[in-house]
Amino acid sequence: MLRVEVWVRRRRRLARGPGAAARARREVHLLADQALLLGHAVSRRSEDDAALVTSELVSAAGGGCVLELTVAPDGLDILVSGVRPPGPPRGERRPYVVWWDLVSRVARDTTVCRDPACDATVRVRIDLGSLTG
């Protein structure tokens, strides 16, 4: 059995509404605080990038989603279920999706698993090159 080392994990179901993105950003900052209390400092840039990505994904989900954040030795993972992903290209023009462009540029890795029951689950990994432990 493969074991993956996880330093800190937070999982929350976020309610819909205008404050969902702010609550999601707060969860990222709480995760970074928890990691620090356990002796694993998250760089400020990584924390800010994770807060921005989390906010964008939760906004794309309309707030009603499940958010899971994990800090491990190789990065910070953000998992958001219920996101409405960018659709397939229509003809020669693909609809422009601002959050997808932003998330793709900031993240080391992005994965989308489409599920008709909950739109999609998006997993994003943020690099933690300056993580200490």
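The preceding data block contains the structure.
Residues numbered from 1 in each chain as written. Predicted model: local features only at pLDDT ≥ 70, side-chain atom pairs only at ≥ 80, totals over all residues. Heavy atoms only, no water.

**Some words on the nonpolar core**
Counting 32 residues, the largest nonpolar core has Leu 57, Leu 76, Ile 78 and Val 124 as the members making the most contacts within it. Secondary structure elements with two or more residues in this core: strand E1 (8–14), helix H1 (20–37), helix H2 (44–60), strand E2 (65–72), strand E3 (75–81), helix H3 (98–106) and strand E5 (119–126). With near-sequence residues (within four places) excluded, Leu 57 lies in contact with Ile 78, Val 80, Val 83, Trp 99, Val 103, Val 122 and Val 124. (Core = buried A, V, L, I, M, F, W, Y, C linked by side-chain atoms within 4.5 Å. Buried < 20%, exposed > 50% of the residue type's maximum accessible area, 1.4 Å probe, protein only. Helix = DSSP H or I, 4+ residues; strand = E, 2+ residues; numbered from the N terminus. Contact = heavy atoms within 4.5 Å.)

**Looking at the sheet that holds E3**
Pairing is antiparallel across the open sheet formed by five strands, whose spatial order is E1-E2-E3-E5-E4. Edge strands, defined here as strands with exactly one partner in the open sheet, are E1 and strand E4 (109–115). Each strand axis lies, on average, 10° off the axis of its neighbour in the sheet, ignoring direction. In the sheet, E4 pairs with E5 via seven bridges, with the strands oriented antiparallel. Paired with Asp 115 across the strands is Asp 119, a residue of E5. (Pairing = 2+ DSSP bridges. Axes fitted to C-alpha atoms, helices over the stretch in contact; angles between N-to-C directions.)

Fair warning: the whole summary comes from geometry, so function is off the table for now.
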